[in-house]
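Analysis of the macromolecular model
The chain contents come next:
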Amino acid sequence: MSAKKRALGRGLGALLEGSGIEPQAVYSVEKDLLPTGSIGKLPVDLIEVNPFQPRTDFDEEALNDLAVSIKEQGVIQPITVRKADNDKLQLIAGERRLKAAKMAGLTDIPAYIISADDGAMLEMAIVENIQRENLNPIETALGYKQLVETFKLTQEMLSERLGKSRSYITNMLRLLKLPAEIQIGLRQESISTGHAKALLALDDPKAQMEVFQKIVTDELSVRQTENIIKSVTENSTDGLPQKKTQSKKPGHPALQRDLEALYNTSIRIKSGTRGKGSIIIRYKTEDELHRLSKLLKR
């Protein structure tokens, strides 16, 4: 009995002595982590997910396929991590690979260790995902919004950092103004980004929802959707139907077509009484407004 107590008192090494099994040392981020800029294998249990990860939807079937591939061939491309303040590691890029590695039963994973503050971490996470085209449009837009609001970036600054045009950034952010049901439809691919951008031409959420339902029910193409929306906007003001008495005289369809071809935008000519009337020039973005302004000044 006393011999047993003495053996147990000598710890795990005594129990494993002569068994051929080496005791495993506990990994310490503080002591054992490789230098910044190096690549090495790190325990998956010490890696926390990126709190700034813009992606929220992961395809389970694709993850399973990746896990099978990793089980057979290992992780070919290292993930990217940084050291956190709690003796843990924080993931910057490669969450799919990390999830799949855990599913495959791996205890460690090859990782590239870098130094990054919160701003750099968020930016790298978004850029890495965008370059891989894995984010749905709403996740991309939310990532842009997070960059703008968290780090006080203008759309121009964001455009320069991400290598995207300002109009593209603007249009993506505008998707977040659509009703929640339409945003969900975009996430679930019930509609495309082209459909969503077309719906932005309608200012009234109720009208947007009506057209959205028609897109889903009738499986409309983007061109068909644009034609429906053009018909709605040409027969309404601020999304509200006009009274029949508002149009005193027919417009000038031939002149209207000529102007639309000249300015490459939607134009409406409204004829009133005594030869009076108005010309309405529509634009969808700030960039388009500046383009039309230059043409009109000429």
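Remember, it's a predicted structure, so these values are computed and weren't measured experimentally. (Residues numbered from 1 in each chain as written. Predicted model: local features only at pLDDT ≥ 70, side-chain atom pairs only at ≥ 80, totals over all residues. Heavy atoms only, no water.)

**Things to note about the sheet that holds strand S1 (residues 39–43)**
On the basis of which strands lie adjacent, the open sheet formed by five strands has the order S1-S5-S3-S4-S2 and mixed pairing. With one partner strand each, in any of the chains shown, S1 and strand S2 (47–48) form the two edges of the open sheet. Bridge analysis of strand S3 (residues 79–83) against strand S5 (residues 108–113) gives three bridges, and the strand direction is parallel. By the bridge assignment for S5, Ile79 is matched with Ala111. Sitting on the sheet, helix H5 (residues 95–103) is in contact with S2, S3, strand S4 (89–93) and S5, with an inclination near 125° to S4. (Pairing = 2+ DSSP bridges. Helix = DSSP H or I, 4+ residues; strand = E, 2+ residues; numbered from the N terminus. Contact = heavy atoms within 4.5 Å. Axes fitted to C-alpha atoms, helices over the stretch in contact; angles between N-to-C directions.)

**Let's talk about the packing of helix H10 (residues 180–187) against helix H12 (residues 205–218)**
For any two helices packed against each other, one specifies the inter-axial angle together with the distance between the axes. Following both chains from N to C, one finds H10 and H12 inclined at 35°, their axes separated by 10 Å at the closest point. In the crossing of H10 with H12, the sense of the turn from one axis to the other is left-handed. Every residue of H12 that contacts H10 at Glu181, Ile182 and Gly185 is listed here: Gln208, Met209 and Phe212. Its residues assigned to classes, the contact of H10 with H12 comprises three nonpolar, two polar and one charged. (Left-handed = near helix turned anticlockwise from the far one by under 90°. Nonpolar A, V, L, I, M, F, W, Y, C, P; charged D, E, K, R; others polar.)

**Examining the packing of aromatic side chains**
Within the structure shown, the criterion is met by one aromatic pair. Ring geometry for Tyr144 versus Tyr168: centroids 6.5 Å apart, planes at 75°, classification edge-to-face. With Tyr144 in helix H7 (residues 137–151) and Tyr168 in helix H9 (residues 166–174), the pair connects residues that are 24 residues apart, well separated along the chain. Take Tyr168: its relative accessible area is 27%, and that puts it in the partly exposed class. The cationic tip of Lys164 hangs over the ring face of Tyr168; the distance from NZ or CZ to the ring centre is 5.1 Å. (Phe/Tyr/Trp six-rings, centres within 6.5 Å; stacked < 30°, edge-to-face > 60°. Buried < 20%, exposed > 50% of the residue type's maximum accessible area, 1.4 Å probe, protein only. Lys NZ or Arg CZ within 6 Å of the ring centre and 35° of its normal.)

**Things to note about the nonpolar core**
Ranked by size, the top nonpolar core spans 26 residues in total, and within it Tyr144, Leu158, Leu175, Leu178, Ile182, Ile191 and Leu199 carry the most contacts. Of all the secondary structure elements, the ones that give two or more residues to this core are H7, helix H8 (155–162), H9, H10, helix H11 (193–199) and H12. When neighbours within four sequence positions are excluded, Leu175 is seen to be in contact with Pro137, Ile138, Gln183, Leu186, Thr193, Ala196, Lys197 and Leu200. Leu42, Leu63, Ala111 and Ile113 belong to the second largest nonpolar core, which has 18 residues in total. (Core = buried A, V, L, I, M, F, W, Y, C linked by side-chain atoms within 4.5 Å.)

**Structural notes on the pattern of salt bridges**
Counting across every chain of the model gives four salt bridges. Across the pair Glu156 and Arg166 runs a salt bridge whose closest N-O atoms are separated by 3.7 Å. Remark: Arg166 occurs in helix H9 and Glu156 occurs in helix H8; sequence separation between them is 10 residues. Here Asp218 and Lys214 are joined by a salt bridge, their closest N and O atoms 3.0 Å apart. Separated by four residues within a single helix, Asp218 and Lys214 lie in helix H12, roughly one turn from each other. Relative accessible area serves as the criterion here: at 38%, Lys214 is assigned to the partly exposed category. (Salt bridge = Lys/Arg side-chain N within 4 Å of Asp/Glu carboxyl O.)

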